[in-house]
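An overview of the molecular structure
In case you want the letters, here they are:
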Amino acid sequence: MTVIKTRFAPSPTGFLHIGGARTALFSWLYARKSAGQFVLRIEDTDQERSTQASVDAILEGMQWLNLAADEGPYYQTQRFDRYHEINAQLLHQNHAYHCYCSKERLETLRTEQMANKQKPRYDGLCRDRTDVPAGIAPVIRFRNPQSGEVVVNDLIRGEVIFGNDELDDLIIARSDGTPTYNLTVVVDDMDMGITHVIRGDDHLNNTPRQMNILRALGATLPAYAHLPMILGADGSRLSKRHGAVSVMQYEQDGYLPEALLNYLVRLGWSHGDQEVFSIDEMIALFDVTHVNKAAAAFNPEKLLWLNQHYLKTLPAEDIAQRLALYLQRIDVNTASGPAVVDVVLALRERSKTLVEMAASARYFYQDFSDYEEAAAKHLNAAALEPLRAIRNALAELSTGDAWQKESIHVAIQQTAEKLQVGMGKVAQPLRAAVTGQGASPSIDLTLYLIGAPHSLARLDRTIATLQQA
């Protein structure tokens, strides 16, 4: 029985973006569902544009998304001897030939063809050449069949037919001997036993060329599935303004990998009207043949909604471990404050990202110097009497175990009744005084988590400031 084997093969000329992450996810899911293997391959033969920073960013993104590979990462730059061996084999078997055409000749040919409204392509001048011009380092071209058709039975698009007369003899090795993409990808897929190639539809035009090379090598052809592109919400090509940033930028912005994966799996694939999928559900339900042929639209609001869903529904202990990292990034020491898991439970209903949650959590652990505008409007001369009264009531709860959410609530309620005002006339100035913000979780819970010493100290500071105004 053939083991299903997929691969993700990014080029390290940039970071891991949304499109690449979706390709990786779909390839990973197909392998997992089939009890197969998933290979990670770094296609770094473009040495002028490939960087170690990009390699690191790709690996970091894959790790954050938890898309673990069964094999790899393999690096094409470590396989040059194998590519040279295959090129020599193709030359020996007359499936390839040396081409001595200069760049100037090829550019002139291209210009003439375009002027004649012909498809630019190599004219095969060196295809049957027998002489060896001196002093010219040749490229190697694949001898593509000149007749017949290549039929791609695409798992998403269905049957796609290419005429061989439309495919020119592509270069498979440059004049300095370095192999080109269409050669290396074929050799790697063959050597690594890749059974299913899932990739973006921008590669579709390469597929018939690669199939012809595989046939020349006597290799088994993999199945192909070309994913439709991802567009911005306005229908234009996805760009940074649509949110097409590095995957790790989403981590920096406080998104959860579970939310991003859940969003990516719905970009072009669906299972009824279901919107929320666990990883196990994705593996069980995903079918690449059910991917939509049409382009998918990227909707950042939908991603944000999913992120908030996971913040609210994942175990609080899990979210607390992640929140601690974001608090550390903004220099918040959680050692002298409430348990982070309690802060998560207090804030998860009102937070959309971990960055937002961390910013909201700061006042639980740190004093503040300024009041938000939304808080400052509640701190005026009329707030002095309620603040003094609630300060005195709360001070009576500051010893022993009396500082509890329930007792704090009673104190606020009794203070409002004593002053003959609504609870908001006490609670809002109190919230502004102890948090510096206009909104927080319920004020009794907020004060309980901040603790008696910090709550009373902040009240004293606010009262003193108002008295001096």
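Residues numbered from 1 in each chain as written. Predicted model: local features only at pLDDT ≥ 70, side-chain atom pairs only at ≥ 80, totals over all residues. Heavy atoms only, no water.

Here the focus is the side chain of Arg-143. Looking at where Arg-143 falls in the secondary structure, it is placed in the loop between β5 (139–142) and β6 (149–154). Look at Arg-143 and you get buried, because its relative accessible area is 16%. From its side chain, Arg-143 meets the backbone oxygen of Asn-94 in a polar contact 2.9 Å long. At 2.9 Å, the side chain of Arg-143 forms a polar contact with the backbone oxygen of Arg-127. Once residues lying within four places of it in the same chain are set aside, the contact partners of Arg-143 are Asn-94, His-95, Ala-96, Tyr-97, Arg-127, Asp-128 and Asp-169. (Helix = DSSP H or I, 4+ residues; strand = E, 2+ residues; numbered from the N terminus. Buried < 20%, exposed > 50% of the residue type's maximum accessible area, 1.4 Å probe, protein only. Polar contact = N/O pair within 3.5 Å; in protein donor to acceptor, adjacent residues only side chain to side chain. Contact = heavy atoms within 4.5 Å.)

Each pocket or cavity is described by its volume, and for the largest pocket that value is around 1200 Å³. Looking at the largest pocket, it is lined by 38 residues, and the ones nearest its centre are Gly-19, Gly-20, Thr-23, Asp-202 and His-203. Among the secondary structure elements, those contributing two or more residues to the lining of the largest pocket are β1 (5–8), α1 (18–33) and β9 (196–200). By residue number, the principal contributor to the lining of the largest pocket is α1, which donates five residues. Residue composition of the lining of the largest pocket, by class: 16 nonpolar, twelve polar and ten charged. As a volume, the second largest pocket reaches approximately 250 Å³. Surrounding the second largest pocket, 14 residues form its lining, Cys-101, Lys-103, Leu-106, Val-139 and Ser-175 being those nearest its centre. Its residues assigned to classes, the lining of the second largest pocket shows nine nonpolar, two polar and three charged. (1 Å grid on protein atoms, 1.4 Å probe; cavity = no way out; pocket = protein on both sides within 12 Å on 5 of 7 lines; lining within 4 Å. Points joined across faces, edges and corners; volume = space filled by probe spheres on them. Nonpolar A, V, L, I, M, F, W, Y, C, P; charged D, E, K, R; others polar.)

As a further point, take the sheet that holds β5. The strand order across the open sheet formed by three strands is β4-β5-β8, and the pairing between neighbours is antiparallel. The open sheet terminates on both sides in strands that have one partner only, identified here as β4 (96–99) and β8 (171–173). Averaged over all adjacent pairs, the angle separating strand axes in this sheet is 45°, with direction ignored. Alignment of β5 against β8, held across two bridges, turns out to be antiparallel. Across the sheet, residue Arg-141 finds its bridge partner in β8, namely Ile-171. (Pairing = 2+ DSSP bridges. Axes fitted to C-alpha atoms, helices over the stretch in contact; angles between N-to-C directions.)

So, on to the packing of helix α5 (residues 181–191) against helix α6 (residues 207–216). Where α5 contacts α6, the two axes come as close as 10 Å, and the packing angle between them is 55°. Of the possible angle classes, the one that applies to α5 and α6 is oblique. Relative to α6, the crossing made by α5 is right-handed. Every residue of α6 that contacts α5 at Tyr-181, Asn-182, Val-185, Val-186 and Met-190 is listed here: Gln-210, Ile-213 and Leu-214. Per-class residue counts for the contact of α5 with α6 are six nonpolar, two polar and no charged. (Parallel < 35°, antiparallel > 145°, perpendicular 65-115°, else oblique. Left-handed = near helix turned anticlockwise from the far one by under 90°.)

In this section: helix α3 (residues 80–92). With 13 residues, α3 extends 18 Å between its outermost C-alpha atoms, agreeing within 8% with the 18 Å of an ideal straight helix rising 1.5 Å per residue. Every buried residue of α3 is listed here: Phe-80, Tyr-83, Ile-86, Asn-87 and Leu-90. Here the buried residues of α3 occupy an arc of 120° about the axis, which is enough to place them on one side. In this structure, α3 carries Asp-81 and His-92 as exposed residues pointing more than 90 degrees from its buried face. Those residues of α3 that are buried lie in contact with β4, β5, β8, α5 and α6. After α3 finishes, the residue Asn-94 shows a positive phi value of roughly 65°. (Expected span 1.5 Å × (residues − 1). Arc of directions from axis to C-beta.)

Turning next to the packing of aromatic side chains. Scanning all chains against the criterion turns up eight aromatic pairs. Considering the side-chain rings of Phe-80 and Tyr-83, the 6.2 Å spacing of their centres and the 55° angle between planes classify their relative orientation as tilted. With a gap of three residues between them, Phe-80 and Tyr-83 both fall in helix α3, about one helical turn apart. In terms of burial, Phe-80 and Tyr-83 fall into one category: buried. Between the aromatic rings of Tyr-250 and Tyr-255, the centroid separation amounts to 5.4 Å while the plane-to-plane angle is 85°, which identifies the pairing as edge-to-face. The class for Tyr-250 is buried, based on a relative accessible area of 5%. Residue classification places Tyr-255 among the buried positions, given a relative accessible area of 13%. One cation-aromatic arrangement involves Arg-329 over Tyr-326; the distance from NZ or CZ to the ring centre is 4.6 Å. (Phe/Tyr/Trp six-rings, centres within 6.5 Å; stacked < 30°, edge-to-face > 60°. Lys NZ or Arg CZ within 6 Å of the ring centre and 35° of its normal.)

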